[in-house]
Amino acid sequence: MASDPGPQEPQHPAPNEGLGRTLVVLQFALIGGLALLAAPAILGGRAPSGAWWLAAAGAAVGAWALAANRPGNFNIRPTPRAGGQLVDQGPYRWIRHPMYTSVGALAAACVGAAPSAWSAGAALALAAVLGTKALLEERWMAAAHPGYAGYRARTRRFLPGLF
């Protein structure tokens, strides 16, 4: 006679650590490329004021997101941290990925500072990487945090009220 093992933990898709690491490497390579393309205009004082405003807004959103997230909870990979908490304060009250919004604003600032096909292409590639990371992160957060579905229903992905 077999014994009943009791309640089973639900089976969730395991995060693909390799894919997460690859996306982070691509993200930082594209950010570095954009910074190198924009550096001459920024350092030479030729960046338009709109680029500076976008950069300031991106930096402010990023700093606010870091302040709202407790130390040890933040992860640059889309994989949720073991024992991590779902944050729904600060900018997370309205958007699920304020750090990606921050990076996107900084990328747009780089394109504004040094507009070219190369900078636009790098920014579009970065947007694709961040979008992929966001989709994976949301799938894995839903598996790790029972309250994530409700959180996702009441927030936007990147911009409050828009997207």
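Above this note sits the structure.
What you see is a predicted model, and the numbers here were worked out from it, not measured in a lab.

Asker: Would you mind going over the layout of surface pockets with me for this structure?
Answerer: Picture a little ball the size of a water molecule; that probe, rolled over the atoms, points out where space is still empty. Within this model, the largest pocket holds a volume of roughly 580 Å³. If you go around the largest pocket, you meet 36 residues; those closest to its centre are Phe74, Asn75, Met99, Tyr100 and Glu137. Here the lining of the largest pocket gets 7 residues from one element, more than from any other, and that element is helix α3 (residues 98-113). Of the pockets and cavities examined, the second largest pocket occupies roughly 260 Å³.

Asker: Explanation requested: the packing of α3 against helix α4 (residues 117-144) in the structure shown.
Answerer: Each packed pair of helices is defined by two parameters, the angle between the axes and the distance between the axes. Interhelical geometry of α3 versus α4 gives an angle of 175° and a closest axis separation of 9 Å. Between α3 and α4, the angle is such that the two are roughly antiparallel. Residues Tyr100, Val103, Gly104, Ala107 and Val111 of α3 lie in contact with α4, whose contacting residues are Ser119, Ala120, Ala123, Leu126, Leu130, Lys133, Ala134 and Glu137. Grouping the constituent residues of the contact of α3 with α4 by class yields 9 nonpolar, 2 polar and 2 charged.

Asker: What is the right way to look at a nonpolar patch on the surface in this model?
Answerer: Together, Ile42, Leu43 and Trp52 give the surface a local cluster of nonpolar side chains, amounting to about 350 Å² of exposed area. Among the secondary structure elements, Trp52 is positioned in helix α2 (residues 49-68). With relative accessibility at 46%, the residue Trp52 sits in the partly exposed group.

Asker: What is the right way to look at the nonpolar core in this model?
Answerer: Taken as a class, soluble globular proteins show a tendency for nonpolar side chains to be buried jointly. If you look at the biggest cluster of nonpolar residues, it comprises 22 residues, and the most contacted ones within it are Leu30, Leu34, Tyr100, Ala113, Leu126 and Leu130. When residues of this core are traced back to their parent elements, those giving at least two are α1 (17-43), α3 and α4. Ranked by residues supplied to this core, first place goes to α4 with 8 residues. If sequence neighbours within four positions are ignored, Leu130 has contacts with Gln27, Tyr100, Val103, Gly104 and Phe158. Core analysis: the next-biggest nonpolar cluster, separate from the first, contains 7 residues, Ala65, Val87, Met99 and Tyr148 among them.

Asker: Can you help me understand the packing of aromatic side chains in this one?
Answerer: We describe a pair of aromatic rings using the distance from one ring centre to the other and the angle between the two ring planes. Under the counting rule described, the total for this entry stands at 2 aromatic pairs. Between Trp64 and Trp94, the ring centres sit 6.0 Å apart and the planes meet at 45°, which makes this aromatic pair tilted. Taken together, the residues Trp64 in helix α2 and Trp94 in the loop between α2 and α3 connect sequence positions 30 residues apart.

Basis of the calculations
- Residues numbered from 1 in each chain as written.
- Predicted model: local features only at pLDDT ≥ 70, side-chain atom pairs only at ≥ 80, totals over all residues.
- Heavy atoms only, no water.
- 1 Å grid on protein atoms, 1.4 Å probe; cavity = no way out; pocket = protein on both sides within 12 Å on 5 of 7 lines; lining within 4 Å.
- Points joined across faces, edges and corners; volume = space filled by probe spheres on them.
- Helix = DSSP H or I, 4+ residues; strand = E, 2+ residues; numbered from the N terminus.
- Axes fitted to C-alpha atoms, helices over the stretch in contact; angles between N-to-C directions.
- Parallel < 35°, antiparallel > 145°, perpendicular 65-115°, else oblique.
- Contact = heavy atoms within 4.5 Å.
- Nonpolar A, V, L, I, M, F, W, Y, C, P; charged D, E, K, R; others polar.
- Patch = residues over 30% accessible without salt bridge, like charges linked within 9 Å, V, L, I, M, F, W, Y side chains within 5 Å.
- Areas by Shrake-Rupley, 256 points an atom, 1.4 Å probe, with all protein chains shown as cover.
- Salt bridge = Lys/Arg side-chain N within 4 Å of Asp/Glu carboxyl O.
- Buried < 20%, exposed > 50% of the residue type's maximum accessible area, 1.4 Å probe, protein only.
- Core = buried A, V, L, I, M, F, W, Y, C linked by side-chain atoms within 4.5 Å.
- Phe/Tyr/Trp six-rings, centres within 6.5 Å; stacked < 30°, edge-to-face > 60°.

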